[in-house]
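# Remarks on the overall topology
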Amino acid sequence: MNMSVNNLNQQQIQTREQYKKAKGDALEQVRGENSAVNEKEKTKAAPRQNERIRIRLIPIWLRLLLLAVFTVVSLVAGAAIGYGVIGDGKPSDVLKESTWTHIRDLVQKK
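All figures in this text were calculated on a predicted structure; none of them were measured in a lab.

### Some remarks on the pattern of salt bridges
Using the criterion set out here, one finds 2 salt bridges in the structure. A salt bridge links Asp 25 to Lys 21; the nearest nitrogen and oxygen atoms lie 3.2 Å apart. Pair noted here: Asp 25 and Lys 21 are both in helix α2 (residues 16-31), with a separation of 4 residues, about one helical turn. Classification of Lys 21 as partly exposed rests on a relative accessible area of 45%.

### Observations regarding the confidence of the model for the chain
The predicted model of the chain has a mean per-residue pLDDT of 77, with 69% of residues at 70 or higher. Contacts for the low-pLDDT stretch residues 33-40, under 50 throughout, to residues beyond four places or in other chains number 3 contacts.

### Focus: a nonpolar patch on the surface
A cluster of nonpolar residues, Leu 57, Ile 58, Trp 61, Leu 65, Leu 66, Val 69, Phe 70 and Val 73, forms a patch on the protein surface that exposes about 870 Å² of accessible area. Within the element layout of this structure, Leu 57 appears in the loop between α3 (39-50) and α4 (60-86).

### Observations concerning helix α5 (residues 97-108)
Taking 1.5 Å per residue as the helical rise, α5 with its 12 residues ought to reach 16 Å, and the 16 Å between its terminal C-alpha atoms agrees with that figure. Phi turns positive, to about 60°, at Lys 109, one or two residues after α5.

### Let's talk about a positive patch on the surface
Taken together, Arg 16, Lys 20, Arg 54, Arg 56 and Arg 63 make up a surface patch of like positive charges. If you trace the backbone, Arg 54 turns up in the loop between α3 and α4. Classification of Arg 54 as exposed rests on a relative accessible area of 61%.

### With respect to the side chain of Thr 99
Looking at where Thr 99 falls in the secondary structure, it is placed in helix α5. If near-sequence neighbours (up to four positions away) are discounted, Thr 99 is found in contact with Tyr 83 and Asp 93.

What counts as what
Residues numbered from 1 in each chain as written. Predicted model: local features only at pLDDT ≥ 70, side-chain atom pairs only at ≥ 80, totals over all residues. Heavy atoms only, no water. Salt bridge = Lys/Arg side-chain N within 4 Å of Asp/Glu carboxyl O. Helix = DSSP H or I, 4+ residues; strand = E, 2+ residues; numbered from the N terminus. Buried < 20%, exposed > 50% of the residue type's maximum accessible area, 1.4 Å probe, protein only. pLDDT = per-residue confidence, 0-100. Contact = heavy atoms within 4.5 Å. Patch = residues over 30% accessible without salt bridge, like charges linked within 9 Å, V, L, I, M, F, W, Y side chains within 5 Å. Areas by Shrake-Rupley, 256 points an atom, 1.4 Å probe, with all protein chains shown as cover. Expected span 1.5 Å × (residues − 1). Lys, Arg positive; Asp, Glu negative; His and termini not counted. Charge placed at Lys NZ, Arg CZ, Asp CG, Glu CD.

In structure tokens, the structure reads:
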């Protein structure tokens, strides 16, 4: 029984309910058992699959906030590594305004 459910049905399964149904169908085919499901039950199950509501573990607004926070943290960490480890300064000096004033003056050649 190494064949996957997707290979048996030749279709991509999109929801958990479809996966469970396809897996159950595949097991029945392998065992040779036929379930006694009538047409009314099949038609009741079809609209229910389309009404599936996705509940996100992390809301989108929190994802955007985390993206902004991680971006700022990575920029500060990169500047500290570049200025302190690769350069000749102290990593904590990257947070001082005088450091950035000096860098800006070097770039603008004042």
